[in-house]
Amino acid sequence: LNLISLTRNQLSAYLNTPELLEQELRVGLSRDIFTDRLRRAFAMKLEKMSAAPQEMHAWLTYWLIVVRDANFGAGLIGYKGFPDANGVVYNGYGIDPTYQRHGYTSEAVRALDAWAFKEAACRCVVAYIALDNLASQHVVAKCGYIRQNDLHQGEQVWRLEKDSML
């Protein structure tokens, strides 16, 4: 598995002209992951990236989840910004239905969290997961996240503390 941090131009290309991004990256790209919600998230990420310094873009972008054996960009993972004053970041991810239940999402979550925890400012990763999304709950549990006893806008809160990774 490879994770590729997408630039603003690459995010825009994936959204608008994915065939050009496929040529640039030399990998196939899933079209099946795009929902209206993801399109809105792309727009927000592009806006945030245009206002942020270049060195912060990795915290704001999506990282393409590339399945090496298939040479295919099967999903996306990323944070919703850089760590807040308490050292907390919020993640989100999705993967093409064809590539679900193969461990790729768990591998991507572990890899991106390891990257985040190299930064002193990041002390905790939080995931908000719909109560009925058992597959995603399984992913974060497998990655060491702990389910909290509270809800955020009707979604279950899961936390991974940096100290638990040491």
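Reading the values: rules and limits
- Residues numbered from 1 in each chain as written.
- Predicted model: local features only at pLDDT ≥ 70, side-chain atom pairs only at ≥ 80, totals over all residues.
- Heavy atoms only, no water.
- Salt bridge = Lys/Arg side-chain N within 4 Å of Asp/Glu carboxyl O.
- Buried < 20%, exposed > 50% of the residue type's maximum accessible area, 1.4 Å probe, protein only.
- Patch = residues over 30% accessible without salt bridge, like charges linked within 9 Å, V, L, I, M, F, W, Y side chains within 5 Å.
- Areas by Shrake-Rupley, 256 points an atom, 1.4 Å probe, with all protein chains shown as cover.
- Lys, Arg positive; Asp, Glu negative; His and termini not counted.
- Charge placed at Lys NZ, Arg CZ, Asp CG, Glu CD.
- Helix = DSSP H or I, 4+ residues; strand = E, 2+ residues; numbered from the N terminus.
- Pairing = 2+ DSSP bridges.
- Right-handed = clockwise from strand over helix to strand, strands pointing away.
- Core = buried A, V, L, I, M, F, W, Y, C linked by side-chain atoms within 4.5 Å.
- Contact = heavy atoms within 4.5 Å.
- Axes fitted to C-alpha atoms, helices over the stretch in contact; angles between N-to-C directions.
- Parallel < 35°, antiparallel > 145°, perpendicular 65-115°, else oblique.
- Left-handed = near helix turned anticlockwise from the far one by under 90°.
- Nonpolar A, V, L, I, M, F, W, Y, C, P; charged D, E, K, R; others polar.

Peer 1: If you had to explain the pattern of salt bridges to someone new, which residues and values would you point to?
Peer 2: One pass over the structure, following the stated rule, counts 2 salt bridges. The shortest N-O distance in the salt bridge between R31 and E22 comes to 2.8 Å. In this structure, E161 engages R159 in a salt bridge whose closest nitrogen and oxygen atoms are separated by 2.9 Å. The exposure class assigned to E161 is partly exposed, which follows from its relative accessible area of 34%.

Peer 1: Describe a positive patch on the surface, naming the residues involved and giving the relevant values.
Peer 2: On the surface, a cluster of positive charge is contributed by R37, R40, K48 and K80. Along the polypeptide, K80 turns up in the loop between β4 (72–79) and β5 (88–95).

Peer 1: So what's going on with the pairing of β5? Residues and values would help.
Peer 2: Strand direction decides the pairing type here: β4 and β5, joined by 5 bridges, are antiparallel. Its bridge partner being in β5, L76 is matched across the sheet by G94. Viewed along the sheet, the connection from β5 through helix α5 (residues 104–117) into strand β6 (residues 124–130) turns out right-handed.

Peer 1: Describe the nonpolar core, and please don't skip the residues or the numbers.
Peer 2: Core analysis: the biggest nonpolar cluster contains 23 residues, and I77, Y79, C122, V125 and Y145 have the highest contact counts within it. Looking at this core, the elements with two or more residues in it are α4 (57–60), β3 (62–67), β4, α5, β6, α6 (134–142) and β8 (155–161). In terms of residue count, α5 provides more of this core than any other element does, 5 residues in total. Setting aside chain neighbours within four positions, we find V125 in contact with Y79, V89, N91, D113, F117, Y145, W158, R159 and L160. In terms of nonpolar packing, the next biggest core, distinct from the first, is built from 21 residues, L6, L11, L21 and L38 among them.

Peer 1: I'd like a rundown of the packing of helix α1 (residues 8–16) against helix α3 (residues 36–51), residues and numbers included.
Peer 2: In contact at an axis separation of 10 Å, α1 and α3 are set at 160° when each is read in the N-to-C sense. When the interaxial angle is binned, α1 and α3 end up roughly antiparallel. Between α1 and α3 the crossing geometry is left-handed. For the pair α1 and α3, contact is made by R8, L11, S12, Y14 and L15 and by R39, F42, K45, L46, M49 and S50, respectively. Across the contact of α1 with α3, the residue classes break down as 6 nonpolar, 2 polar and 3 charged.

Peer 1: Can you lay out the environment of L11 for me, pointing to particular residues and giving the numbers?
Peer 2: In this fold, L11 is placed in helix α1. Judged by relative accessible area, L11 falls into the buried class, the value being 0%. Between the C-alpha atom of L11 and that of A52, which follows or precedes it by 41 residues, the distance is 15 Å. Excluding residues that lie within four positions of it along the chain, L11 makes contacts with L6, F42, K45, L46, M49, T61 and Y62.

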